Amino acid sequence: MPRPSRALLFAFPVLAALCAAQGAQAQNPPAVQAQVVVGPEVDKAYAQLMASPRIQKLMESVKADHERSIEDLKALTEIEAPPFKEQKRAEAFLARMKALGLTQARIDAEGNVVGLRKGTGNGPKLLISAHLDTVFPAGTDVKVKEHEGRLHAPGIADDTRGLAVLLSWLKVLNDNKIQTVGDLMFVANVGEEELGNLRGMKAIFRDHLDIDGMVGLEPSGPGSVLILGTASHRWEVTFQGPGGHSFGAFGQVPSAIHGMGRAIAKIADVRTPSFPKTTFTVGTVGGGTSVNTIAPDARMAIDIRSDDMASLLETEKKILAAVDEAVVEENRRWNVSTLSASVREPLKTPISRPTPPHPTRQSPDEQAQSPQRHQVRPLCRRSAQAQDRNAGRSAAGHCPAH
């Protein structure tokens, strides 16, 4: 039997993973970016794959595994996994991975679950991953509930559905005795959400320098493969002043909360381009000591994202300038100079994108240039649907129960 080409080796896992996962959708899927023309090599690989009886049987096996996969989905969803507290879910995932044949799978020093399915040799190593953590804090009710034929729970789509797909894919490959040339590295990673700063994936790429390509399972619109990692910067801003009694010290000291309020109002007026999509939000605020105190401190967290680094940096510049202007205005209001602001950047994720036409070795710290999205043909009917609302919205994802 002729040895599969490198392109075919990469196309197969991408298509198989997409077929199993395409039902998982974000509540607000990313806006479609510039379309990418698929090259002839990819089209040829796709045609070869879909003409293969073994691949057709594999696709049918993915659909047949749906009911069992949904049981994994429910069980994993009901193990809460807020950022930096993924251990219990990791242990449950590890047990399932070992039961499906990856007996040497383990939890690494960062907390990732890592299992290697060996190929016959001399092929590329492909990483397939979904993340363990969710945006929901400890104590959230993560019980899966059925309503009108759908399963509802926080985090059921982002990214617990991806975890269930990883297990389903592993089972189907083994049941069908599919032997790849290259190694397949199955990883349930930690630290994807909030201030996790991709710590899990950074550790994977740091510790495994022989990875040739990656498929990441995340909620997205059906029929598409994302090839861009949107850049993200986050800032923590702390305002500090002397504070004082709301009556006794009035007019003598500035308010940290008032200063922060001025900054937020200015930030809200910042204009960003619609394309490349560039966004920002003041996501959390806090501060003060009591209702009858002029606040001595206040803090806020700001999230800035863009599909273009120059646009992100320009927006960031305007937002940080707004903070400085707000401090000046609050001090001027009371003819003092005792309010100050300090900033800290706890997260900085650059744009990432593999270089076409072939998959390349690339870590989350490597930066690319332009946003793109591949549109692909549907491979099979949806095996599941799931939706998820992030923090601050109704905490319910859902997935058909049939």
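Residues numbered from 1 in each chain as written. Predicted model: local features only at pLDDT ≥ 70, side-chain atom pairs only at ≥ 80, totals over all residues. Heavy atoms only, no water.

Caption draft 1: Broad picture of the overall build of the chain. When you go through the chain residue by residue, the secondary structure sums to nine helices and 16 strands. Looking at the chain as a whole, 49% of its 402 residues are labelled buried. Approximately 19,100 Å² of the chain is accessible, and the part contributed by carbon and sulfur atoms is 53%. (Helix = DSSP H or I, 4+ residues; strand = E, 2+ residues; numbered from the N terminus. Buried < 20%, exposed > 50% of the residue type's maximum accessible area, 1.4 Å probe, protein only. Areas by Shrake-Rupley, 256 points an atom, 1.4 Å probe, with all protein chains shown as cover.)

Caption draft 2: How the structure looks around the packing of aromatic side chains. In total, this model carries two aromatic pairs according to the counting rule given. Between Trp169 and Phe186, the ring centres sit 5.8 Å apart and the planes meet at 70°, which makes this aromatic pair edge-to-face. Taken together, the residues Trp169 in helix α6 (residues 156-175) and Phe186 in strand β6 (residues 184-189) connect sequence positions 17 residues apart. Geometrically, the ring pair formed by Phe250 and Trp334 is edge-to-face, given 5.2 Å between the ring centres and 70° between the ring planes. Linking Phe250 in the loop between β10 (244-245) and α8 (256-268) with Trp334 in helix α9 (residues 309-334), this pair joins segments that are 84 residues apart in sequence. We classify Phe250 as exposed; its relative accessible area is 55%. Geometry around Trp334 places Arg333 over its ring, the cationic atom sitting 3.8 Å from the centre. (Phe/Tyr/Trp six-rings, centres within 6.5 Å; stacked < 30°, edge-to-face > 60°. Lys NZ or Arg CZ within 6 Å of the ring centre and 35° of its normal.)

Caption draft 3: Looking closely at α9. For α9, which comprises 26 residues, the first-to-last C-alpha distance of 39 Å matches the rise-based estimate of 38 Å (1.5 Å per residue) to within 8%. Backbone geometry just downstream of α9 places Asn335 in the positive-phi region, at approximately 60°. (Expected span 1.5 Å × (residues − 1).)

Caption draft 4: Main features of the nonpolar core. Core analysis: the largest hydrophobic core is formed by 34 residues, its most contacted members being Phe93, Met97, Val113, Ile128, Leu132 and Phe186. Among the secondary structure elements, those contributing two or more residues to this core are α3 (53-64), α5 (87-99), β3 (126-131), α6 and β6. Top element by residues in this core is α6. It accounts for eight residues. Not counting residues within four places of it along the chain, the set of residues in contact with Met97 comprises Leu102, Ala105, Val113, Val114, Gly115, Leu167, Leu170 and Phe186. (Core = buried A, V, L, I, M, F, W, Y, C linked by side-chain atoms within 4.5 Å. Contact = heavy atoms within 4.5 Å.)

Caption draft 5: Molecular detail of the sheet that holds β6. Across the sheet, five strands lie side by side as β1-β2-β6-β3-β7; this open sheet has mixed pairing. Two strands bound the open sheet, and with one partner strand each, they are β1 (106-107) and β7 (213-216). Relative to strand β2 (residues 113-117), β1 runs antiparallel, the two being bridged by two bridges. Note that in β2 the partner of Ile107 across the bridge is Val113. In the packing of helix α7 (residues 199-207) onto the sheet, the strands contacted are β2, β3, β6 and β7, and the crossing angle to β3 comes to about 160°. (Pairing = 2+ DSSP bridges. Axes fitted to C-alpha atoms, helices over the stretch in contact; angles between N-to-C directions.)

Caption draft 6: View of α7. Residues Arg199, Gly200, Met201, Ala203, Ile204 and Phe205 constitute the buried set of α7. Summarising the contacts, the buried residues of α7 are in contact with β2, β3, β6 and β7.

Caption draft 7: Main features of the pattern of salt bridges. Scanning the entire structure with this criterion turns up 21 salt bridges. Between Asp72 and Arg96 there is a salt bridge, and its shortest N-O distance comes to 3.2 Å. One end of the pair, Asp72, is in helix α4 (residues 66-77); the other, Arg96, is in helix α5, and 24 residues separate them in sequence. Two residues, Glu78 and Lys143, come together in a salt bridge whose shortest N-O distance is 3.7 Å. Residue Glu78 is found in the loop between α4 and α5, and its partner Lys143 is found in the loop between β3 and β4 (145-147); the two are separated by 65 residues along the sequence. A relative accessible area of 34% places Glu78 in the partly exposed class. For Lys143, a relative accessible area of 47% translates into the label partly exposed. (Salt bridge = Lys/Arg side-chain N within 4 Å of Asp/Glu carboxyl O.)

Caption draft 8: The arrangement of the sheet that holds strand β14 (residues 340-349) in detail. Ordered in space as β11-β13-β9-β14, the four strands form an open sheet in which the pairing is antiparallel. Either end of the sheet is taken by a strand with one partner, and the two such strands are β11 (278-287) and β14. Adjacent strand axes in the sheet meet at a mean angle of 15° when their direction is disregarded. By the bridge criterion, eight bridges tie strand β9 (residues 231-240) to β14 in an arrangement that is antiparallel. Considered in β14, the bridge of Phe239 is made with Ala341. Where α8 meets the sheet, its contacts fall on β9, β11 and β13 (297-306), and the angle it forms with β13 comes to roughly 15°.

Caption draft 9: Quick peek at the pairing of β13. Across 10 bridges, β9 lies against β13 in antiparallel orientation. Looking at the pairing, Trp235 lines up with Ile302 of β13. As defined by bridge partners, β11 adjoins β13 across nine bridges and the pair is classed as antiparallel. Paired with Thr278 across the bridge in β13 is Ser306.

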